Amino acid sequence: MSKENITTFTQNDYEIIKREVPYQGVFRMARYQLRFRLFNGGWSQVLVREVMERKSAVGVLLYDPILDHVVLIEQFRPGAIANPQSPWLIEIVAGVIEPNEDPKSLAIREAQEEADCEILDLYPICEYFVSPGGSNEFFQLFCGRIDAAAAGGFHGLPEENEDIRSFTLTVDEAFILLQEGKIKTSPAIISLQWLQFNHEWLKQLWQTK
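My aim in this report is to walk through the structure given alongside it, one point at a time.

Parameters at a glance
Each chain carries its own residue numbering, running from 1 in the direction its sequence is written. Whole-chain, interface and lining totals are the exception, using all residues; otherwise, since this is a predicted model, local features are given only for residues with pLDDT of at least 70 and side-chain atom pairs are given and counted only at 80 or more. To obtain the side-chain values, all non-hydrogen atoms of the structure were used and water was disregarded. Salt-bridge detection follows one rule: a side-chain nitrogen of Lys or Arg within 4 Å of a carboxyl oxygen of Asp or Glu. Each helix is a run of DSSP H or I of at least 4 residues and each strand a run of E of at least 2, with the numbering of both proceeding from the N terminus. The nonpolar core is taken to be a set of buried Ala, Val, Leu, Ile, Met, Phe, Trp, Tyr and Cys residues, with the residues joined through side-chain atoms within 4.5 Å. The buried label goes to any residue with under 20% of its type's maximum accessible area, the exposed label to any with over 50%, and the partly exposed label to all in between, with areas taken from a 1.4 Å probe on protein chains only. Definition of a polar contact: a pair of N or O atoms within 3.5 Å, with one able to donate and the other able to accept a hydrogen when the atoms are protein atoms, and with sequence-neighbouring residues admitted only if both atoms are side-chain atoms. Grouping into patches uses exposed residues only, defined as over 30% relative accessible area, and leaves out salt-bridged ones; the cut-off is 9 Å for like charges and 5 Å for nonpolar side chains (Val, Leu, Ile, Met, Phe, Trp, Tyr). Working definition of accessibility: Shrake-Rupley area with a 1.4 Å probe, residue cover restricted to the visible protein chains. At least two DSSP bridges between two strands are required for those strands to pair. Under this scheme, a helix contributes an axis fitted over its contacting stretch, all axes are lines through C-alpha atoms, and angles between N-to-C directions fall in the 0 to 180 degree range. Aromatic rings from Phe, Tyr and Trp, taking only the six-membered ring of Trp, are treated as a pair when their centres fall within 6.5 Å; an angle between ring planes under 30 degrees marks them as stacked, one over 60 as edge-to-face, and anything in between as tilted. Charge over a ring is defined by NZ of Lys or CZ of Arg lying within 6 Å of the ring centre and within 35 degrees of the ring normal. Here, residues are in contact when the closest pair of their heavy atoms is within 4.5 Å.

**Considering the pattern of salt bridges**
Inspection of the entire model under this criterion finds 16 salt bridges. Residues Glu-50 and Arg-31 are paired through a salt bridge, measuring 3.0 Å at the closest nitrogen-oxygen approach. Here Glu-50 is found in strand E3 (residues 47-53), whereas its partner Arg-31 is found in strand E2 (residues 28-36), with 19 residues between them in sequence. Ionic contacts of the salt-bridge type, sharing partners, join the residues Glu-101, Arg-109, Glu-110 and Glu-113 into one network.

Written out as structure tokens, the structure is:
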């Protein structure tokens, strides 16, 4: 990749003029007045932008290399009530990172809570900003090696009003769901696409363990 294609901007190339919080709940809505350096060398005008601020999150695609199965989950999502099919979405196991919590430890805990699966190994997939035009949410993705022989059922924490169905399917069945557009959450889409590209070598790597 040419060096000209890599940005040289840093944390020193923007300025927050003012920040206020008009709403604080499970998430926080912050309103910023800010400016930033332009590619031509100048500065932007002072802009007003609202950002939904929330904790970073971790997701893990549960994969059994012996059975060649993945474990996915399904649950109700209020942000998807406008979905014409259903607000129950197919996802991967995921959760938000608490202060000073290790992302890998969170992946292990969430796999247990949401799918009753023990993580035997973890492989990093990628990390990304979910919707940086209006949210600061940062997501880290892993693939987790599991034994899916007894996976499935209903899980989640009652005190958090979680009602989660976990289910197993072959990787080919999962890829078909992906191709048919039946999976509509970015962590599941990205991790399954990653598994499509890395399926054979990952299966060989983990089958030897």
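**What about the nonpolar core?**
In this structure, Tyr-63, Val-70, Leu-72 and Leu-195 are the most contacted members of the largest nonpolar core, which totals 26 residues. Among the elements that line this core, the one with the most residues is helix H3 (residues 186-207), at six residues. Formed by 18 residues, the second largest nonpolar core is a distinct cluster that contains Val-58, Val-93, Ile-119 and Ile-146.

**Brief notes about the environment of Asn-40**
Within the fold, Asn-40 resides in the loop between E2 and E3. By relative accessible area, which is 67% here, Asn-40 ends up exposed. Within the local environment of Asn-40, its side chain forms a polar contact with the backbone nitrogen of Gly-42, the two atoms lying 3.0 Å apart.

**A few points about a nonpolar patch on the surface**
A grouping of Tyr-14, Ile-16 and Phe-36 is seen on the molecular surface, where their side chains present a nonpolar patch of about 260 Å² in accessible area. Positionally, Ile-16 belongs in strand E1 (residues 14-24). On the basis of relative accessible area, Ile-16 is assigned to the partly exposed category, the value being 42%.

**Some points on unusual backbone geometry**
For Asp-116, which is not glycine, the phi dihedral falls at a positive 55°. Locating Asp-116 in the fold gives a position in the loop between helix H1 (103-115) and strand E8 (121-129). Here Asn-161, not a glycine, exhibits a phi torsion of approximately 55°, which is positive. Secondary-structure assignment places Asn-161 in the loop between strand E10 (153-155) and strand E11 (164-170).

**Comments concerning the sheet that holds E2**
Ordered in space as E1-E2-E3, the three strands form an open sheet in which the pairing is antiparallel. Since the sheet does not close on itself, it has two edges, and those belong to E1 and E3, each with one partner. Within the sheet, the average angular offset between the axes of one strand and its neighbour, ignoring direction, is 25°. Here eight bridges tie E1 to E2, and the two strands are oriented antiparallel to one another. Following the sheet pairing, Tyr-23 is matched in E2 by Met-29.

**Re the packing of aromatic side chains**
Counting across every chain of the model gives eight aromatic pairs. Ring geometry for Trp-194 against Trp-201: centres 6.5 Å apart, planes inclined by 80°, an arrangement best described as edge-to-face. When its relative accessible area of 15% is taken as the criterion, Trp-194 is described as buried. Here a set of aromatic residues connected by ring pairs shows up, and it is made of Tyr-123, Trp-194 and Trp-201. For Arg-35, the ring lying beneath its charged end belongs to Trp-43, and the centroid distance is 4.2 Å.

**Points about the side chain of Glu-53**
For Glu-53, the position within the fold is in strand E3. Given a relative accessible area of 8%, Glu-53 falls into the buried group. Within polar-contact distance, the side chain of Glu-53 engages the side chain of Arg-19 at 2.7 Å. Setting aside residues no more than four positions away along its own chain, Glu-53 makes contact with Arg-19, Phe-27, Arg-28, Ala-30, Tyr-32 and Asn-136.

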